[in-house]
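# Overview (structure and organization)
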Amino acid sequence: MSDVDFTYIQPDGEEKQVEAMEGMTLMEAALFNGIDGIQGLCGGICSCATCHVALDKELYDKLDAPSEGEAEMIAMLDDHGPTSRLGCQVSISEALRGARIRVLGTEA
Amino acid sequence: MCVAEADPILNQPQIYDPYEYALHDDPYPVYRRLRDEFPLYYNRKHDFYAVSRYADCMTVLRNFKTFINGKSTTLEKEVIPGSLPFILSMDPPDHTRLRHLMVNQFRPHNVAPLEEVVRETARKLLAPHAGTGRIDIIADFAAKLPMAIICALMGVDPADEDMLRGWTDDIVHREDGSNEIVEVNITGTRNLLGYFEEMIQGRLARGEVGEDIVGQLIAFEQQGKLNHAEVLGYLYLLAIAGNETTTKLIGNFTYQLWENRHERDRLIGDPSLAAGAVEETLRIDGPTQMQGRETAEPFELHGHTIPAGSKVAVILTSGNRDERHYDDPETYRMDRGSRDHLGFGGGLHSCLGAALARLEGRIALEEMLATMPDWDIDLASTRRMHSAYVRGYTHLPLTFTPRSAA
């Protein structure tokens, strides 16, 4: 497992570049690196939607589509968009190298 | 680890001892005093710190590099001899690796198909009592339902359920006012681990690994993703976690809805509110009252320094009743809709089985409303569990209007 570097854009616009281990999730990597706006309250069982992020269209299309359960959770969020994902459901892989992940900072 | 002698935290009155049985009847006034007067509290007898405000609980839960789980999430200095590592006693990256292996299993979407078997089991357990007008909702129902489901998921013979439940009760037992490991903790641990070891060896000998949780864990070991101790540790945790807390959750909402009868009346009129009632019970009277962490480095809080190597109690249910975070927090309102409560903890170690607990809780409540909507509690006959960590009843006798068999 190698490290992948990418950037979180926090809700206040500040960017933070991180290196994270492949196989971790975007939620976990955010907690590891103290990224604002990602709470990960449920610890990654896809039940709290406090790790809402938006991906670039290109990256979104490259990844597997959200599962039905994740899609249902996203649909309930007021600020969801066409490339919304829950960070806990996105595994870190080579596809994320250099990516820019916008944190939407959902209120719990 | 001792604090410096000049530290005024040493002069705090000793108002919070989670090992004292007397606290367990109603810990909430003590929690309120902690929040208001001693937001960082230090217990001299057992040598631990405690946080009680919502924001401080979140700080500790989120800051997993400073507040590690270490060897266990208890405040005891030692772990039970013979116990094995499990995800609650691990930190990243091992924790991450182990949690990922099973997380898919416990997503709400993947738990939802269990609805039918949970409902069927609940009905089967309640049916013999419906015509009598009496039930001990813990012993006859709430203690059995979650154990039956987790045993089914693990492929345990239903005939062994009571035995396993006895062992898990042994493991979490503590004497009044003491945090010492006692003999039954050790025998319970040995029995439970021995049972699973035999189960695994039996399957391997038969060449039938199976597709349930035990089968999946065996497969992970064969693929080199887990070692044998981790497999047993996982099963140990699931057996305890799958039993204890959901049982107490059912008991606690039975009490809360009896105490708040207007809310139960609304529920009878609209059973679709059941999920909200379960959620509000988790907030105001959740079974997991407190969890421990250990400081990996010194940490400043409320003007004091918590030294490295200190135990820190995170009083989850106090955070859930913090007026700094919730409006009117000590009022039970099942339509409150708070989904940020700490009933399942929070952060990386948040309860893996939360979706299953919610499902079981909701169905248990729906079936109770269908069978015994006017339950009354015989308060004098109730008995409580005594644990520093888990709050709930061991006996909760109810009476209700008997129904003729449907």
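Above: the structure in question.
What you see is a predicted model, and the numbers here were worked out from it, not measured in a lab.

For the rest of this paragraph, the subject is the overall build of chain A. Scanning chain A for helices and strands turns up three helices and five strands. The N-to-C order of helical and strand elements in chain A reads β-β-α-β-α-α-β-β. Computed over the C-alpha atoms, the radius of gyration of chain A is 12 Å, within 12% of the 13 Å expected from 2.2 N^0.38 for a compact globule of 108 residues. Viewed in the frame of its principal axes, chain A has a C-alpha envelope of about 35 × 25 × 25 Å. Within chain A, buried positions represent 43% of all 108 residues. Looking at chain A alone, contacts between residues at least 24 apart form 65% of all its contacts between residues at least 6 apart.

Further remarks concern the overall build of chain B. Within chain B, the secondary structure is distributed over 17 helices and twelve strands. Taking 406 residues into account, the globule formula puts the C-alpha radius of gyration at 22 Å, and chain B, at 21 Å, falls close to it. With the C-alpha coordinates aligned to their principal axes, the bounding extent of chain B is approximately 70 × 55 × 35 Å. When each of the 406 residues of chain B is scored for burial, the buried share is 46%. Summarising the internal contacts of chain B: among those between residues at least 6 apart in sequence, 71% fall at separations of at least 24.

This next bit is on unusual backbone geometry. Omega for the peptide link from B:Pro92 to B:Pro93 comes to 5°, which places this bond in the cis form. Its identity is not glycine, yet A:Ala49 carries a phi of approximately 55°, on the positive side. Here A:Ala49 lies in the loop between helix H1 (26–32) and strand E3 (52–54). Positive phi is not limited to glycine here, since B:His302 has a value of about 50°. Mapped onto the elements, B:His302 comes out in the loop between strand E6 (299–301) and strand E7 (304–306).

Now for the sheet that holds strand E4 (residues 134–136) of chain B. All names here are of chain B. The strand order across the open sheet formed by three strands is E4-E12-E9, and the pairing between neighbours is antiparallel. Each end of this open sheet is capped by a strand with a single partner; those strands are E4 and strand E9 (376–377). The sheet contact formed by E4 and strand E12 (residues 397–399) spans three bridges and is antiparallel. Looking at E12, one finds that Ile-135 is bridged to Leu-398.

What follows deals with the interface of chain A and chain B. When the parts come together, some accessible area is lost, and that loss is often what is quoted as the size of the interface. Each partner contributes to the interface: chain A provides 17 residues, whereas chain B provides 18 residues. Looking at the side of chain A that touches chain B, the elements with two or more residues in it are H1 and helix H3 (68–75) of chain A. Of the residues belonging to the side of chain A that touches chain B, the class tally is nine nonpolar, six polar and two charged.

Once that is clear, we can look at the sheet that holds strand E5 (residues 290–295) of chain B. Residues and elements named next belong to chain B. If you walk across this open sheet you meet the five strands as E1-E2-E8-E5-E3, and the pairing is mixed. Single-partner strands in this sheet number two, and they are strand E1 (40–43) and strand E3 (67–68). Across four bridges, E1 lies against strand E2 (residues 48–51) in antiparallel orientation. Among the inter-strand pairings, Leu-40 is bridged to a residue of E2, identified as Val-51. Set on the sheet, helix H3 (residues 54–62) makes contact with E2, E3, E5 and strand E8 (311–315); between it and E8 the angle comes to about 125°.

In this section: the packing of helix H6 (residues 115–130) of chain B against helix H8 (residues 145–154) of chain B. Residues and elements named next belong to chain B. Closest axis-to-axis distance for the H6/H8 pair is 10 Å, and the angle between their directions is 140°. Taken together, H6 and H8 sit at an angle that is classed as oblique. Our pair here, H6 against H8, has a crossing hand that is right-handed. When H6 is examined against H8, the residues Val-117, Val-118, Thr-121, Ala-122 and Leu-125 are found in contact with a partner set consisting of Leu-145, Ala-148, Ile-149 and Ala-152. Classifying every residue of the contact of H6 with H8 by side-chain character gives eight nonpolar, one polar and no charged.

Before going further, it helps to spend a moment on the nonpolar core. As a rule of thumb, soluble globular proteins bury nonpolar side chains together. Core analysis: the largest hydrophobic core is formed by 103 residues, its most contacted members being A:Ala30, B:Met154, B:Leu235 and B:Tyr236. For B:Leu235, the residues in contact, after removing those within four places along its chain, are B:Met154, B:Phe196, B:Val214 and B:Leu217. Counting 29 residues, the second largest nonpolar core, distinct from the first, contains B:Tyr42, B:Ala50, B:Val51 and B:Val60.

Turning our eyes to something else, we now look at the environment of B:Asp160. Looking at the element boundaries, B:Asp160 is found in the loop between H8 and helix H9 (161–172). Residues B:Asp160 and B:Ala148, spaced twelve residues apart in sequence, show a C-alpha to C-alpha distance of 9.8 Å.

The buried count for E5(B) comes to six of six residues, which makes it a mostly enclosed element. In E5(B), alternate side chains face the same way, and those of B:Met290, B:Gly292 and B:Glu294 on one face and B:Gln291, B:Arg293 and B:Thr295 on the other are all buried.

What follows covers the environment of B:Lys124. Topologically, B:Lys124 is positioned in helix H6. When the C-alpha positions of B:Lys124 and B:Phe141 are compared, they lie 9.6 Å apart, and in sequence the two are 17 residues distant.

Residues and elements named next belong to chain B. Of the two faces of E2, the one holding Phe-48 and Ala-50 and the one holding Tyr-49 and Val-51 are both buried throughout. Two successive antiparallel strands, E1 and E2, enclose a turn made up of four residues, where Asp-47 displays a positive phi of approximately 55°. In the sheet, E2 pairs with E8 via four bridges, with the strands oriented parallel. Of the residues in E8, the one forming a bridge with Ala-50 is Ala-313.

Looking at where B:Leu192 falls in the secondary structure, it is placed in helix H10 (residues 183–206). In the structure, B:Leu192 is positioned 88 residues away from B:Glu280 in sequence and 33 Å away in space, judged by C-alpha atoms.

This part is about H9(B). For an α-helix, 3.6 residues make a turn, and residues three or four places apart therefore share a direction. Its twelve residues give H9(B) an end-to-end C-alpha distance of 17 Å, which sits within 8% of 16 Å, the value for a rise of 1.5 Å per residue. Considering only its buried residues, H9(B) is in contact with H8, H10, helix H12 (228–241) and helix H13 (244–259) of chain B.

What counts, and where the lines are drawn
Residues numbered from 1 in each chain as written. Chains lettered and ligands numbered in written order. Predicted model: local features only at pLDDT ≥ 70, side-chain atom pairs only at ≥ 80, totals over all residues. Helix = DSSP H or I, 4+ residues; strand = E, 2+ residues; numbered from the N terminus. Rg over C-alpha atoms; globule rule 2.2 N^0.38 Å. Buried ≥ 20, exposed ≤ 12 C-beta atoms within 10 Å, placed from the backbone. Contact = placed C-beta atoms within 7 Å. Pairing = 2+ DSSP bridges. Nonpolar A, V, L, I, M, F, W, Y, C, P; charged D, E, K, R; others polar. Axes fitted to C-alpha atoms, helices over the stretch in contact; angles between N-to-C directions. Parallel < 35°, antiparallel > 145°, perpendicular 65-115°, else oblique. Left-handed = near helix turned anticlockwise from the far one by under 90°. Core = buried A, V, L, I, M, F, W, Y, C linked by C-beta atoms within 7 Å. Expected span 1.5 Å × (residues − 1).

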